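# Overview (structure and organization)
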Amino acid sequence: MNTQTEKDIAANVIKELIALGFLDSTGKTTNVPPTLALPGSPAVDSEPVELLSAELIGVDNPHNLDALKIMRKATPARILMGRCGCRQKTASLLRFLADHAAAVDAVFKDLPETFLEQQKLFQVKTVVRDKDEYLMKPELGKRLDEASRAILLEKCKKNPQVQIIVVDGLSTTSIEANIGDVMPALVQGLMTMGVSVGTPFYVKYGRVGIMDDIAPLLGCEVIVEFIGERPGLITAESMSAYLAYKPTHATIEAERTVISNIHRGGTGPVEAGAHLATVVKQMLDHKAGGVKLAEQVK
Amino acid sequence: MADFHTSIIRSIGIDIGTTTTQFVLSRLTVKNMAPGTLVPRMEITDKDVIYRSKIHFTPIATNNRIDAAGLLALLHDEFEEAGVRPGEIDTGAVIITGETAKKENARAISAQVASLAGDFVVATAGGKLESIIAGKGSGAADYSRNYLCTVANIDIGGGTANIGIFHHGSAIDSCCINVGGRLLQVDPESVRIIAISQPMAAILAGMDLALSVNQRVEFADLDRICQVMATIIGECLGGNSLSELAQQLLMTEPLRHDYQIEAVMISGGVADYVYGDQGWPDPNHGLRHGDIGPLLGREIARLLPAEGHNLIRPTETIRATVIGAGARTVDVSGSTIMVDDARLPLKNIPVALPFVEAFPADSEAIREAVTRSIGSFFAEHELAPLAIGVPGSGYRSFADVQALATGLSQGLAPLHNAGFPLIVIVEADLAKVLGQSLRARNPAAAIICIDQLQVKEGDYIDIGRSIAGGTVVPVVIKSLIFETRQV
């Protein structure tokens, strides 16, 4: 494709977007989102659509249904959806769109106040001002703002063996889904091992590296950071736990230990919490994390 | 991640059968199969047979007993040949099968051989269990899993034929028939009868055929006897009503036949003559082992396809049971568990299932159910170690687990007070959190809390010391021990 054709296409697209009201005449995005009334599209059906279960086997007239059931159990992937001619069925498409919407929601939604109250977590935040900045400038998600630093110094127990923090990351949905199970399991596990735990709290607009800012401030040995994973189409509820031993801004990624895929369909949150307690204990014993820890316990 | 290494388990299988005794030594590799960032998931990845003993005749003393001294001497020599010492064997199983299991001292011998072989080698016997072990060793279980079908494995030895039914890899049914290749012993030279076993006497009576020891027997009669035995196997496999003789020779409940058998596999000593070796230079050659095993094999090869069965080849014939016992009885638990190694290994712990399905969310209901279970197992002052099985595989919350821990702690208090460890086997991946929850409530108790295992009420479980850096324990779940009806 030559550059002239590309320019023509771009010009046409911009013209179309202005016509639809997405862009104003200068080419800037409009504040008011236009209703999506594309010419010739049918009226939007106001009735809610009931989605078919993802567990459903959509293959018509299967030769060996038992075999398909076994395959269905083996993976959460979009297999055995059936087809209509050479295309997917409407139900498959709707399921796909719904899962995609859930993934988008997980990134953009704020954690409800009531959730933080229930979990007895207070909130601090990074220097990030809003979600757009959070997404555009990952570096900013690794530093607390000044007000937050002051709050932590005032409210938190100093120099605990273990500091637990909860961070939104890319999925507040996953935080809501898992923290209520994983946190008490971890704390109980640490208590049975005689390990002291600091005051947990929630960090808004945080990235994994926020632990490097917090650990030196509170003087903990091991920091456990629960953070929402980038949501996928299988689940928006998947959460990771990143752990490090006395991290600072000089810490590199190889020095962190991670347990990923904590969700109901992956590593169950309760058992993950218990397992994390064992990992924390190892980090305290070996005074290390990440690859170094893995080498030492080999 | 951290706490797991590849481990090697050395496993032994010893099969003391009606006719032959043999053992195999296997190397089971236990490896973490989860990607690096996930919670470890240890699995048995490789099963290599590293030593196969010679196939010996089982030493039998005269008075309906196994010749214990002879048997131990034989095993001792074979161990030496294999270059292993009992202390180097991690696990495995001794199985006494067929007619030998009926001997008066079978149980004692089985236990004696197990302890000779190693710390965590288990003693088993019983027709139903044997059927399942043989089907796992012959390849029938794998075939049914790989081809998503239902396979019947018939392990035909000297004294018994064990039918195990496998559906998609799992054993779903089994039965044991007192029919085998050495029930009648015949001298190959003179064609005179050397010995007639009790079940053979029943077969002969059913045929109206009068034979006695030292009598010369016609080949035609031997063929008829084998036809009758093959027919009985066919009846048990077929699902129509059983003849009187078949009912008499059946040592267990008959098969349920609530499934469709799609393929049939034969293992055991007789199998070698089902799948080949039938072109004998002279009729006496069929009697070269001093019994009618080869004749029976030939008859089965003719009869089963004629009855419409799809006969497929096993991966093991005469060694199916011993390989099944050695490499296929031991399993590993889930990888996040809590065990007190000082209290392991534990052997022959009965399993109670206080809850039929998922456990209740209320600790009081859990305590009551556990108390009831203990009461049904033991009289008040005669407590013994008991494992509590917790079924259900779905998601459970932290609150649910706390209720379970509280209910179990209270319910199991009598066992704890009697000095026994708290043993819990959970189906869902919850053992570590449950173990820690139990620990928080009982700081001084010995806790054995393992998961990702399916147990049934009345099973027995053996639990070995932890391996792979403490991440998993080897376990042997024994259903249906010594349940075979004695003919």
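Note on numbering: residues in each chain are counted from 1, in written sequence order. Each chain is given a letter, starting from A, and each ligand a number, starting from 1, according to the order in which they appear as written. Only residues with pLDDT of at least 70 get local features here, since the model is predicted, and only at 80 or more are side-chain atom pairs given and counted; chain-wide, interface and lining totals rely on the full set of residues. Side-chain numbers come from the whole structure's heavy atoms, not from hydrogens or water.

Across its full length, chain A carries ten helices and six strands. Seen through its C-alpha atoms, chain A measures out along the principal axes to roughly 65 × 60 × 45 Å. Burial analysis of chain A (298 residues in total) assigns 42% to the buried set. Two residues qualify as a contact provided that any one of their heavy atoms is within 4.5 Å of a heavy atom in the partner residue. When contacts within chain A are restricted to residue pairs at least 6 apart in sequence, those whose partners lie at least 24 apart make up 67%. Counted charges follow a simple rule, with Lys and Arg positive, Asp and Glu negative, and His plus the chain ends left uncounted. By convention, charge coordinates are those of NZ in Lys, CZ in Arg, CG in Asp, or CD in Glu. The distance from the centre of the 33 positive side-chain charges to the centre of the 36 negative ones in chain A is 4 Å. A helix here means a DSSP run of H or I that spans at least four residues, while a strand means a run of E at least two residues long, and both kinds are numbered starting from the N terminus. We call a residue buried when its accessible area falls under 20% of the maximum for its residue type, exposed when it is over 50%, and partly exposed in between, using a 1.4 Å probe and counting protein chains only.

Moving on to the domain arrangement of chain B. An automatic or database domain assignment provides the domain bounds reported here. The assigned domain composition of chain B is domain 1 (7-125 + 325-330), domain 2 (140-314) and domain 3 (338-465). Once you take the C-alpha centre of each, domain 2 of chain B and domain 3 of chain B turn out to be 43 Å apart.

To continue, consider the nonpolar core. Residue and element names in this part refer to chain B. One finds Ile 154, Ile 163, Ile 177, Ile 225, Ile 266 and Ile 292 to be the most contacted residues of the largest nonpolar core, which totals 63 residues. A per-element tally of this core places helix 6 (residues 219-238) first, with nine residues. Ignoring any residue separated from it by four or fewer positions in sequence, one finds Ile 177 in contact with Gly 159, Thr 160, Ala 161, Ile 163, Ile 232, Ile 233, Cys 236, Leu 249, Leu 250 and Met 251. Among buried residues, the Ala, Val, Leu, Ile, Met, Phe, Trp, Tyr and Cys ones that are joined through side-chain atoms within 4.5 Å form a nonpolar core. If you look at the next biggest cluster of nonpolar residues, it comprises 51 residues, including Ile 349, Ile 423, Val 433 and Ile 450.

The next subject is the pattern of salt bridges. Between Lys or Arg on one side and Asp or Glu on the other, a salt bridge is scored when a side-chain nitrogen of the former is within 4 Å of a carboxyl oxygen of the latter. Evaluation of the coordinates by the stated rule reveals 25 salt bridges over all chains. With a shortest N-O distance of 3.5 Å, Asp223(B) and Arg298(B) are connected by a salt bridge. Of this pair, Asp223(B) sits in helix 6 while Arg298(B) sits in helix 8 (residues 293-306); the two residues are 75 residues apart in sequence, bridging distant segments of the chain. When salt bridges with common partners are traced through the structure, they connect Arg78(A), Arg95(A) and Asp99(A) into a single cluster.

Attention now moves to the sheet that holds strand 4 (residues 222-228) of chain A. Residues and elements named next belong to chain A. When DSSP finds two or more bridges between two strands, those strands count as paired. Taken in spatial order, the six strands of this open sheet run 1-3-2-4-5-6, and their pairing is mixed. The two strands at the open ends of the sheet, each matched to only one other strand, are strand 1 (123-125) and strand 6 (257-262). Taken over all neighbouring pairs, the strand axes of this sheet differ in orientation by 25 degrees on average, direction set aside. Where strand 2 (residues 162-167) lies against strand 4, six bridges are found, and the strand directions are parallel. To obtain each axis, a line is fitted to C-alpha atoms, and for helices this fit is confined to the stretch in contact; angles are then taken between N-to-C directions over 0 to 180 degrees.

Another point: helix 10 (residues 363-377) of chain B. For helix 10 of chain B, spanning 15 residues, the distance from its first C-alpha to its last is 21 Å, which sits close to the expected 21 Å at 1.5 Å a residue. On its buried face, helix 10 of chain B is in contact with strand 16 (346-352), strand 17 (387-390), helix 11 (398-411) and helix 12 (413-417) of chain B. Between the first and last residue of a helix there are one fewer steps than residues, each counted as 1.5 Å, and that sum is the expected span.

Let's shift gears to the pairing of strand 7 (residues 150-156) of chain B. Residues and elements named next belong to chain B. Within strand 7, seven of the seven residues are buried, leaving the element largely enclosed by the surrounding structure. Here strand 7 shows no split at all, with Thr 150, Ala 152, Ile 154 and Ile 156 on one side and Val 151, Asn 153 and Asp 155 on the other all buried. The pairing of strand 7 with strand 8 (residues 161-167) spans seven bridges and is classified as antiparallel. Within the sheet, the bridge partner assigned to Ala 152 lies in strand 8 and is Ile 165. Linking strand 7 to strand 8, which pair antiparallel, is a turn of four residues. The sheet contact formed by strand 7 and strand 12 (residues 263-267) spans five bridges and is parallel. Bridge assignment links Asn 153 to a residue of strand 12, and that residue is Met 265.

Here we come to the sheet that holds strand 17 of chain B. Residues and elements named next belong to chain B. With mixed pairing, the eight strands of this open sheet are ordered in space as 14-21-20-16-17-18-19-15. Each end of this open sheet is capped by a strand with a single partner; those strands are strand 14 (330-332) and strand 15 (338-339). Across three bridges, strand 14 lies against strand 21 (residues 474-478) in antiparallel orientation. Among the inter-strand pairings, Asp 331 is bridged to a residue of strand 21, identified as Val 475.

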